[in-house]
Amino acid sequence: MMKKITIAIDGFSSCGKSTMAKDLAKKIGYVYVDSGAMYRAVTLYAMENRCFNDHQLDVEKLRGMMDNIRISFLFNPETGKPDTYLNNRKVETEIRSMEVSSRVSIVAALDFVRAEMVAQQQAFGKEKGVVMDGRDIGTTVFPDAELKIFLTASPEIRAQRRYEELKAKRQEANFDDILANVKERDYIDQHREVSPLIQADDAILLDNSHLTIEQQNEWLMEQYQLRIEN
Ligand code: DC
C-alpha cells in the first residue's frame, strides 16, 4: 500500500491552481476538493434565500441559516472533474456566474462561514489522499500537509490568461478591466482579517508566469514523488 499524503495548493486568484490540482489528483487517484467552490456555494445560498440586497449582506440572517447548508462534491465522469452540490442540487454552473463572483469575497470574509467551511474541508481530508486548493489550505485547514504549494504569476499574465479564456468562449472581455479586477481580488484576499492569503513557512513557491501547463504538471508530479518516497 503506497503512503497517502495531503496536498495543499494555495495562491492568488486565476493562477491555475485548480488546473494543477485537478490534473494531479486524477493522475495519482486522489480526491480533488475545490475549496473556493464551497465559499461560492454559500454565497449562492445566501443570494437565493434573500440575505443579499444588491451587494449588501444581512450577516445575521446568513448566520442563522448556516446549519441548513450542506455542500458536497460528486465526480462527473463526462467532464472528468467533480461537480459542486448545494443541498443535493448541482450548482457547478451557477457558482461560476458574475453575480456570485462579485459577492463571494464578502461571504468568504465572515468568521462563522470560514469556521464551518474549514470543518467540512478537514472532514473531506480525514483519510488523506486529498488535493485541495484555496487560499488558506496550507496555513489553516491542513497545517500538517506533507506537500504545500504556493502558486503565483504576475497580475498581467493572469489577466492575459483570463482575457484569452473569455475570448475563446466568445464573451466580452476588456483587458484593462480584467487586470483591475485581478489586482482588486489580490488586495482583498491578502488584507482580510480572518485567514488572509499568505504563504505558509513550509510551502514551496512556484511562479508559473512562464511555464506551460505541461511543465507545471511535471514539476508538481516531481514534488509529489519526493514526498512519498520518504
Ligand atoms: O478560487 P475561487 O476564485 O473560486 O475562490 C472564490 C472566493 O473564495 C475568493 O474570493 C477567495 C475565497 N476563498 C477563500 O477565502 N478561501 C479559500 N480556501 C478558497 C477561496
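Coordinates for the structure precede this section.
A brief look at the structure comes next. Everything quoted here is computed from the prediction, not taken from an experiment.

Here is what the cut-offs are and how they apply
Residues numbered from 1 in each chain as written. Predicted model: local features only at pLDDT ≥ 70, side-chain atom pairs only at ≥ 80, totals over all residues. Heavy atoms only, no water. Core = buried A, V, L, I, M, F, W, Y, C linked by side-chain atoms within 4.5 Å. Buried < 20%, exposed > 50% of the residue type's maximum accessible area, 1.4 Å probe, protein only. Helix = DSSP H or I, 4+ residues; strand = E, 2+ residues; numbered from the N terminus. Pairing = 2+ DSSP bridges. Axes fitted to C-alpha atoms, helices over the stretch in contact; angles between N-to-C directions. Contact = heavy atoms within 4.5 Å. Expected span 1.5 Å × (residues − 1). Arc of directions from axis to C-beta. Salt bridge = Lys/Arg side-chain N within 4 Å of Asp/Glu carboxyl O.

Our next topic: the nonpolar core. Val42, Leu62 and Val113 are the most contacted members of the largest nonpolar core, which totals 37 residues. For this core, the secondary structure elements donating two or more residues are α2 (35-48), α3 (59-65), β5 (71-76), α5 (104-108), α6 (111-124), β8 (130-134) and α7 (137-141). Looking at which element gives the most residues to this core, the answer is α2, with eight residues. Grouped together as the second largest cluster of nonpolar side chains are 25 residues, Ile7, Tyr32, Val131 and Ile228 included.

With that out of the way, let us pick up the sheet that holds strand β2 (residues 31-34). The parallel open sheet is built from five strands, whose spatial order is β2-β8-β1-β9-β10. Each having just a single partner strand, β2 and β10 (204-207) make up the two edges of the open sheet. Neighbouring strand axes in the sheet, compared pairwise and without regard to direction, differ in orientation by 20° on average. Across four bridges, strand β9 (residues 147-152) lies against β10 in parallel orientation. Bridged to Leu151 within β10 is Leu206. Across the sheet, helix α10 (residues 213-229) touches β1 (6-11), β9 and β10, and the angle it forms with β9 is around 160°.

Turning next to the environment of Leu197. Mapped onto the fold, Leu197 is located in the loop between α9 (175-191) and β10. Among the residues examined, Leu197 registers a relative accessible area of 3% and is labelled buried. Taking the C-alpha atoms as reference points, Leu197 and Asp136, 61 residues apart in sequence, are found 6.3 Å from one another.

Look at helix α1 (residues 17-28): 17 Å from first C-alpha to last across 12 residues, which is about the 16 Å you get at 1.5 Å a residue. For α1, the complete set of buried residues consists of Lys17, Met20, Ala21, Leu24, Ala25 and Ile28. The buried residues of α1 occupy an angular sector of 125° when the element is viewed end-on, so they sit on one face. Residues of α1 that are exposed and point over 90 degrees away from its buried face: Lys26 and Lys27. Looking at the buried positions of α1, the neighbouring elements they touch are β1, β2, β8, β9, β10 and α10. Looking one or two places after α1, you find Gly29, whose phi comes out positive at around 70°.

The full count for this structure, using the stated rule, is 12 salt bridges. Two residues, Asp136 and Arg114, come together in a salt bridge whose shortest N-O distance is 3.0 Å. Remark: Arg114 occurs in helix α6 and Asp136 occurs in the loop between β8 and α7; sequence separation between them is 22 residues. Residue class for Arg114 comes out buried when judged on its relative accessible area of 4%. As a salt-bridge pair, Lys148 and Asp202 come within 3.0 Å of each other at their nearest N and O atoms. On the criterion of sequence distance, the pair formed by Lys148 in strand β9 and Asp202 in the loop between α9 and β10 is long-range, its members being 54 residues apart. When salt bridges with common partners are traced through the structure, they connect Asp34, Glu92 and Arg96 into a single cluster.

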